[in-house]
Amino acid sequence: MARYTLDDLAQMVDHTNLKPYATDDDMRRLCAEARQYHFRMVAVNQVQSRLCAQELAGSDVHVGAAISFPLGQTSIAVKAFETQDAIANGATEIDYVINLTRAKAHDWNYIEDEMKQIVSICKDAGLISKVIFENCYLSDEEKVALCGIAQEVEPTFVKTSTGFGTSGATVEDVRLMKANVGDVVQVKAAGGIRDADTFLEMVQAGATRIGCSAGIPIMQEFERRLETMENGYFEL
C-alpha cells in the first residue's frame, strides 16, 4: 500500500477547462484555482498556452496544451508544429490525440512515427508528453497495441480519453493500460471523473495523473474525509 497526503492527491490533478468558448477570465480563474489547490497542471486548449503561462509564472503549476484536440485528425506535420508553437508560448506539458483513423486501420507504423515525432520534440525540450488514445473508440486489442508502441517510444504518459468522446476513463482501461506499459510509462485517467471515490479507484488501478474539471470539489471531499482520520493520509 502507498500513502497519499492531500497534497499528494492534489499533485495528481490536471485542472481542466477545454471548453471551446472559455474566456480569458475563465483561464485566469482556472490558473488561480490551480495555484490555490496546488494542482499539478492546468489542461487547456493550445491557443491558451501563453495566457496561462503568464498567469502561472513563478509557480510550480505546469501549463498543459492539448494538441490536435479533440479529434486527432490532423497530419503529423501539423501536430508537430502545434506542439512546437505551444512550447514556444509557454506550455510545459503536451497532451496530443493520436490519429484514430490510422489506429482503426491498424497502421501501427504511422502511429509509431507520429508518437516518435511528438515525444521527441517534448524530450528535446525537457517536457512531459502524454498520448491520448480515446479508448471509447478502440478495442482492447487496439489499446494493447498502442501500449506496446508507447513502451518502445516512451512518452511520459498514456492517457485514456479526451473527455469529448462517447465515454471517458474506466477503471478497467486504466488497469489494462498500466499492465501493458509497465513501469516505463505512466497512465493518466481523464474524462468523467467527478467524485472522490472514482478518483481513488483510478489511482488504485494505476493512474498517477487525473484529468478533470471537478478537482476542487474532489479535493474538498478529501479534506473532509481526512478531518475524520487520525493518520492524515489515505492508504491505497
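What counts, and where the lines are drawn
- Residues numbered from 1 in each chain as written.
- Predicted model: local features only at pLDDT ≥ 70, side-chain atom pairs only at ≥ 80, totals over all residues.
- Heavy atoms only, no water.
- UniProt positions renumbered as here; feature names shortened; annotations may be inferred.
- Helix = DSSP H or I, 4+ residues; strand = E, 2+ residues; numbered from the N terminus.
- Rg over C-alpha atoms; globule rule 2.2 N^0.38 Å.
- Contact = heavy atoms within 4.5 Å.
- Lys, Arg positive; Asp, Glu negative; His and termini not counted.
- Charge placed at Lys NZ, Arg CZ, Asp CG, Glu CD.
- Pairing = 2+ DSSP bridges.
- Axes fitted to C-alpha atoms, helices over the stretch in contact; angles between N-to-C directions.
- Buried < 20%, exposed > 50% of the residue type's maximum accessible area, 1.4 Å probe, protein only.
- Polar contact = N/O pair within 3.5 Å; in protein donor to acceptor, adjacent residues only side chain to side chain.

The protein appears in an unreviewed UniProt entry as Deoxyribose-phosphate aldolase from Olsenella profusa F0195. Annotation of the protein in UniProt includes, under Sequence similarities (unreviewed entry), the sentence "Belongs to the DeoC/FbaB aldolase family. DeoC type 1 subfamily."

> I keep staring at the overall build of the protein and nothing clicks. Help me out?
When its secondary structure is counted, the protein shows 10 helices and 10 strands. In terms of C-alpha radius of gyration, the protein reaches 17 Å, essentially the compact-globule figure of 18 Å for 236 residues. Overall, the C-alpha framework of the protein stretches about 50 × 40 × 30 Å when taken along its three principal axes. Sequence-distant contacts, at least 24 apart, represent 69% of the contacts inside the protein between residues at least 6 apart. Positive and negative charge centroids in the protein, built from 22 and 35 side chains respectively, lie 2 Å apart.

> Whenever I open this one, the sheet that holds strand β7 (residues 157–159) confuses me. Can you help?
As a general point, the strands of a sheet are linked pairwise by backbone hydrogen bonds and lie either parallel or antiparallel. Taken together, the 8 strands give a closed barrel; going around it, the order is β2-β3-β4-β5-β6-β7-β8-β9, and neighbouring strands pair in parallel fashion. Put simply, the sheet's adjacent strands are angled 25 degrees from each other on average, direction ignored. As defined by bridge partners, strand β2 (residues 13–17) adjoins strand β9 (residues 207–212) across 3 bridges and the pair is classed as parallel. Each bridged residue has a counterpart across the sheet, and for V13 the counterpart in β9 is I210. Packed on one face of the sheet, helix α8 (residues 171–181) meets β7, β8 (186–190) and β9 and runs near 165 degrees to β8.

> What's the story with the side chain of E134 in this structure? I'm lost.
With respect to the helices and strands, the residue E134 is situated in the loop between β6 (128–132) and α7 (140–153). In contact with E134, other than residues within four places in its own chain, are P70, L100, K159, T160, S161, T162, G163, F164 and G165.

> Explanation requested: the UniProt feature "active site" (unreviewed entry) in the protein in the structure shown.
The residues that UniProt annotates with the feature "active site" (unreviewed entry) are D95, K159 and K188. Considering the C-alpha atoms alone, the annotated residues occupy 94 residues of sequence yet fold into one spot, their largest mutual distance being 10.2 Å. In this structure, D95 sits in strand β5 (residues 93–97). The class for D95 is buried, based on a relative accessible area of 3%. Those residues in contact with D95 that sit more than four places away from it in its chain are M41, A65, A66, I67, K130, I132, K159 and K188. The topology assignment puts K188 in strand β8. Given the relative accessible area of 1%, K188 is considered buried. Excluding its chain neighbours within four sequence positions, the residues that come into contact with K188 are D14, M41, D95, K130, F157, V158, K159, T160, R209 and G211. A distance of 2.9 Å separates a polar atom in the side chain of K188 from a polar atom in the side chain of D95.

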